Amino acid sequence: MDTRTLPDLLSYDDLAEQGLTRHGLDRLIESGEFERIAPGLFLRAGIADDTTAAWIAVAAKKPDATLCLLTALSLHELTDEIPARSDIAIPRGTQPVTVHHAPITWHRFDTDTFGIGRGEHALPGGLSIGLYSAERTLIDLFRLRHAWGSDLALGALKRWLRERGNSPAALLTIAESFPKARPAIQQALEVLL
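Below or above, wherever it landed, is the structure these notes cover. Within each chain, residues carry numbers counting from 1 in the order of the written sequence. Only residues with pLDDT of at least 70 are given local features in this predicted model, and only at 80 or more are side-chain atom pairs given and counted; all residues enter the totals for whole chains, interfaces and linings. To obtain the side-chain values, all non-hydrogen atoms of the structure were included, while hydrogens and water were left out.

Digging into the overall build of the protein
Reasoning step 1: Secondary structure elements follow DSSP: runs of H or I no shorter than four residues count as helices, runs of E no shorter than two count as strands, and numbering proceeds from the N terminus. Counting its secondary structure elements, the protein contains eight helices and eight strands.
Reasoning step 2: With the C-alpha coordinates of the protein rotated into their principal frame, the extents come out at 65 × 30 × 25 Å.
Reasoning step 3: Residue burial is assigned from relative accessible area. The probe radius is 1.4 Å, only protein chains are included, and a residue is buried under 20% of its type maximum, exposed over 50%, and partly exposed in between. Split into buried and exposed, the 193 residues of the protein put 44% on the buried side.
Reasoning step 4: A sequence separation of at least 24 residues applies to 52% of the contacts in the protein between residues at least 6 apart.
Reasoning step 5: For the accessible areas, the method is Shrake-Rupley and the probe is 1.4 Å, while residue cover comes only from the protein chains on display. For the protein, the exposed surface amounts to about 9900 Å²; the carbon and sulfur share of it is 49%.
Reasoning step 6: This count recognises Lys and Arg as positive and Asp and Glu as negative, with His and chain-terminal groups excluded. A charge is said to be at NZ when it belongs to Lys, at CZ for Arg, at CG for Asp and at CD for Glu. Put simply, the protein has 20 plus and 25 minus side-chain charges, and the middle of one group is 5 Å from the middle of the other. When checking whether two residues touch, look at their non-hydrogen atoms; a contact exists if any pair is within 4.5 Å.

Structure (structure tokens):
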């Protein structure tokens, strides 16, 4: 079998369609061509670093999972901090998934506001994972400043304000849906502007 014709991401459900048995998949794993990235999920070796492989596994198993907080802040280049773990939000009441290779901190966000500011971040193989916008990430940092500290939120807000096209009014409009965060954001904007 020419393994180059196989998709980069395989699950047990894909085996029959690809003409593979579990024994054949085990041989691909033993030979180092594929690696297990989550229970029942396998990725072609070498196409992604450990963090990206974990994000691929999460995206495949939890389509509503969304990169948030420090991870999102880093992707939006609003911090110099390098996240040691991936911060991933899921709707409150849902369960996280088991992922190999990279550490994840799961956050459960309110289902009523979960979709606000949610976009997509492209991953290898045509997949994508949810990613909160810079504005939503700022709101979450202010909303959770008791856990994350005000310095991180203020530093990110300063950087965000320096970028062309960012609108404090638009940020405050989105913050209307987060009544606990809005006063702190408004006060910070008054000081910074």
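Some remarks on the sheet that holds strand S7 (residues 118-122)
Strand pairing in a sheet takes place through backbone hydrogen bonds and is either antiparallel or parallel in direction.
Reasoning step 1: Taking strand neighbours across the sheet as the criterion, the five strands line up as S6-S5-S4-S8-S7 in an open arrangement whose pairing is mixed. Every interior strand has two partners, whereas the edge strands, strand S6 (104-109) and S7, have only one.
Reasoning step 2: Two strands make a pair as long as DSSP finds a minimum of two bridges between them. Sheet analysis places strand S5 (residues 86-91) next to S6, joined by six bridges and oriented parallel. Within S6, the residue paired with Asp 87 across the bridge is Thr 105.
Reasoning step 3: The strands that helix H4 (residues 134-143) touches are S6 and strand S8 (128-132); relative to S8, the one it contacts most, it runs at about 60°. The axes used here are C-alpha line fits, helices contributing only the stretch in contact, and every angle between their N-to-C directions lies in the interval 0 to 180 degrees.

Side note on the sheet that holds strand S2 (residues 34-38)
Reasoning step 1: Spatial ordering of the open sheet is given by S1-S3-S2, a layout of three strands whose pairing is antiparallel. Strand pairing shows two members of the sheet lacking a second neighbour, strand S1 (9-11) and S2, which therefore form its edges. When strand polarity is set aside, the average angle formed by the axes of neighbouring strands in this sheet is 35°.

A word on the packing of helix H7 (residues 168-175) against helix H8 (residues 182-192)
Reasoning step 1: Taken N-terminus to C-terminus, the directions of H7 and H8 make an angle of 165°; their axes are 9 Å apart at the nearest point. Comparing their axes, H8 and H7 come out roughly antiparallel. Regarding H7 and H8, the two cross each other, and that crossing is left-handed. Contact residues: H7 offers Pro 168, Leu 171, Leu 172 and Ala 175, while H8 offers Arg 182, Ile 185, Gln 186 and Leu 189.
Reasoning step 2: Each residue belonging to the contact of H7 with H8 can be placed in one class, and the counts come to six nonpolar, one polar and one charged. Note on terminology: angles under 35 degrees are roughly parallel, angles over 145 are roughly antiparallel, angles of 65 to 115 are roughly perpendicular, and the others are oblique. It is the rotation of the near helix from the far one that decides the hand of a crossing: anticlockwise by less than a right angle makes it left-handed, clockwise makes it right-handed. The residue classification treats Ala, Val, Leu, Ile, Met, Phe, Trp, Tyr, Cys and Pro as nonpolar and Asp, Glu, Lys and Arg as charged. All others, Gly included, are polar.

Regarding the environment of Asp 49
Reasoning step 1: Relative to the elements of secondary structure, Asp 49 occurs in the loop between strand S3 (41-44) and helix H2 (50-61).
Reasoning step 2: Classification of Asp 49 by relative accessible area gives partly exposed; the value is 48%.
Reasoning step 3: Sequence-wise, Asp 49 and Ala 102 are 53 residues apart; in three dimensions their C-alpha atoms are separated by 9.4 Å.

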